[in-house]
Structures are given as structure tokens and as C-alpha cells.
Amino acid sequence: MMSEKAKNDFFIAGIKSLKSEKDAVILAHFYQIPEIQEIADYVGDSLGLAQQAAQSKAKVILFAGVHFMAETAKILNPEKMVLIPDLDAGCSLADSCPAKAFTEFKENYPDHIVISYINCSAEVKALSDIICTSGNAVAIVESFPKEQKIIFAPDKNLGRYINNITGRNMILWDGTCQVHDMLNLESVINLRINNPDAELIAHPECKEPILQLADFIGSTTALLEYSQKSNSRKFIVATETGILHQMKKKSPDKEFIIVPADENCACNDCPFMKMNTLEKVYNALNDEKPKLNLPLELMEKARIPIEKMLSLSKKMNLIK
Ligand code: 13P
Ligand code: SF4
């Protein structure tokens, strides 16, 4: 029987040769397992990944992330083959906002525009005026005049955080990320008491009481960059475990403590992100499936708010 290491080495070598044979690029989110982050051509947050997908010259994009991310890549590249290692890698946040229910919700606020967090389905994107990510959400909201009425969907934690920062009163869709929403406040308080020298850094998908205690709040890329720049040697990290790989890699001399989901477990792995394995990446490239396919008309509608976000982010120097 092959050892785990021998199997991994086999898949890594296979993935490398399939990538060049098929002219494929691998885009991976920070919440992917370290082995996938290591074979990716680009690892980043949702904003960086959307930008990379928009710019990619490769014939094939393999998206090591979840379904809505691969959908975004396909919407931006309708003519390209977009592969996802596991079609069932969904997202509780995207699932919390079904397009039909959202259409009805929207009808209650006819004078509001819709700003949707990228963690939503292509159908909800098509119902939106502009998309945002955690990396540009505050700037996107602030690009509209103060009096502009806004519906924000689907993450109520991120929406509330933006309302607090900007003094807006956006109407919030009642959705959450099952990973961030479950992070345990009591654990955060205990970790702070036991590690007075550590800074608490948190993703804005976390609940308000955790965000109120945080020294820094930002997207996965922003959290990573902050951990590198800060003079602190120790960080309590309130987000999904996958980000620790890059944090430890970039700052091997610093200590990172992940906030657990409840007191007895460190189970804040996103079950959807963690469905992807090296073997599935290998199989997807080899078999050219599962492929991401969406109706053309839907892609055309959903592309408009995504492109608006990308061009506004470029103008505001949030991306290059
Ligand atoms: P970012 O990496 O854009 O901060 O998003 C976090 C997340 O939950 C992705 O699913
Ligand atoms: Fe969705 Fe949360 Fe998983 Fe991100 S971490 S994919 S928001 S369930």
C-alpha cells in the first residue's frame, strides 16, 4: 500500500504535468488545505481571486475554492473551461440567500440599490447592482452618496459591521457564514485573558461581540498582511483555519492561535472548503470534470455587477 506521502507526491507530480499539458492555472483560496495552496499558481482572498480570474490567459481555470468562487471565474470567462475539484463544495452563506426569496425581499424596497457580498449565487449576483468582497466592502458602500438607500446581502455580520463603520443604515439580508458565526465569544475572552501580549485579528463575517474586541478586522488577505506588518509576536486569529498556513509561512517566528468554534473543539474548518483534496484536483484536471457551466443569459446579467466592482476597485487602487 502507498504511504500518504507517496500518494501526495504522485498527485503533486501529476498535477504539475497536467497543468502544463492543458495550459491550466490553479487559483486557490486561503482556506484550502496547505498542500493545495502549495501547488496553486495564485492563493488569495475573494477579491484577488476574482481579479486573477478576470486577467487569466490560461485555457483552463481550476478553482480550488467553493462553488460561488468558481461561478465567478466562469462568469468572467464564459469561453474558458472552469473546473472545480468537487461540485458539492457549496457555502452556507450563499445557500442562506435563495434567489426567489431574495427577489421577493427586494420588492419590498423598490427605491434601494442592492450591494451583494461575492459569497452568493450567480442568480443573486444577477439581481444585484454591484458586488463587493470583504476586501473592498467598506469602500464600495462609501462610493455611494450617504442618502443612497441600500440593501446588503447575504451576510448580516459583514453588513452590520459596514453599517457601524460608515454610519449607514443598510437593510440587511439575514444570512451568515456557518464557520465565522459559530466562533465562540467565551473562548475569545479566555484567549485574550491568557494571552495579554497577543493581538486579536478577526474576519468581518464574525459576530459583532467578537468584532468589538478585535484589534484589527479585515479580509483574509488583510489579516495576513497585518500579521506580517504588526510588531506583535502573537495573534489570536478569528477566522477559518486555512489562513494559518500562509501566516506561519510568512512569519515563522510569530505565534498564531486560532479561535475555536466551541470550547471543546478546534473545528472551525469550513466543511465546504475542506472537501477539496489533492486527489480531486488531480482527477478534475485529468478528466476535465466537474466543469462549471451556467446559462449564458445568467452569466451576462451576473457579469455586470462583478465588473463594476472590479473597475471601481481598480480606480480606488484596491487592486492593481
Ligand atoms: P475573503 O477571503 O475574501 O476574506 O473571504 C472569506 C470567506 O469566507 C470566503 O468564503
Ligand atoms: Fe462559505 Fe463560510 Fe465556508 Fe466561506 S468559510 S465558504 S463563507 S461557509
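The coordinates are above.
Fair warning: this is a prediction, and the values are worked out from it, not measured in the lab.

Conventions used here
Residues numbered from 1 in each chain as written. Chains lettered and ligands numbered in written order. Predicted model: local features only at pLDDT ≥ 70, side-chain atom pairs only at ≥ 80, totals over all residues. Heavy atoms only, no water. Salt bridge = Lys/Arg side-chain N within 4 Å of Asp/Glu carboxyl O. Helix = DSSP H or I, 4+ residues; strand = E, 2+ residues; numbered from the N terminus. Buried < 20%, exposed > 50% of the residue type's maximum accessible area, 1.4 Å probe, protein only. Near = heavy atom within 4 Å. Nonpolar A, V, L, I, M, F, W, Y, C, P; charged D, E, K, R; others polar. Pairing = 2+ DSSP bridges. Right-handed = clockwise from strand over helix to strand, strands pointing away. Phe/Tyr/Trp six-rings, centres within 6.5 Å; stacked < 30°, edge-to-face > 60°.

A. Looking closely at the pattern of salt bridges. For the coordinates displayed, the defined rule picks out 16 salt bridges. The partner of R160 in a salt bridge is E208, and the shortest N-O contact between them spans 3.9 Å. Here R160, found in helix α9 (residues 156–166), pairs with E208, found in helix α11 (residues 208–213); they are 48 residues apart in sequence, far enough to count as distant. Overall, E208 belongs to the partly exposed group, its relative accessible area being 26%. Three or more residues joined by partner-sharing salt bridges are found here, namely E240, D269 and K274.

B. Geometry of the site of ligand 2. In the vicinity of ligand 2, the contacting residues are Y31, V66, C91, S92, N119, C177, E205, C270, F272 and M273. Here the shell around ligand 2 is built from residues that sort into seven nonpolar, two polar and one charged.

C. Structural context of the pairing of strand β11 (residues 234–238). Where burial is concerned, most of β11 is hidden: five out of the five residues are buried. As defined by bridge partners, strand β9 (residues 199–202) adjoins β11 across four bridges and the pair is classed as parallel. In the strand pairing of β11, I201 is matched with V237. Pairing of β11 with strand β12 (residues 255–258), which is carried by four bridges, proceeds in the parallel orientation. Pairing of K234 across the sheet is with E255, part of β12. The parallel pair β11 and β12 is bridged by helix α13 (residues 243–250), and the resulting crossover is right-handed.

D. Highlighting unusual backbone geometry. The omega torsion of the bond from A153 to P154 falls at -10°, within 30 degrees of zero and hence cis. Residue P290 is reached from K289 by a cis peptide bond, and omega for that bond is 0°. Mapped onto the elements, P290 comes out in the loop between α14 (278–287) and α15 (296–315). Positive phi values are uncommon outside glycine, yet E288 reaches one of about 55°. Mapped onto the fold, E288 is located in the loop between α14 and α15.

E. The arrangement of the packing of aromatic side chains in detail. Scanning the model with the defined rule gives nine aromatic pairs in all. Aromatic side chains F11 and Y282 sit 5.5 Å apart centroid to centroid with 50° between the ring planes, which places their arrangement in the tilted category. Here the residue F11 occupies a position in helix α1 (residues 4–22), and Y282 occupies one in helix α14, the gap between them amounting to 271 residues. Taken as a pair, F11 and Y282 share a single burial class, namely buried. An angle of 25° between the planes, with centres 6.1 Å apart, marks the rings of F102 and F105 as stacked. Remark: F105 and F102 occur in helix α6 (residues 99–107); sequence separation between them is three residues, near one turn of the helix. Assigned by exposure class, F102 and F105 land together as buried.

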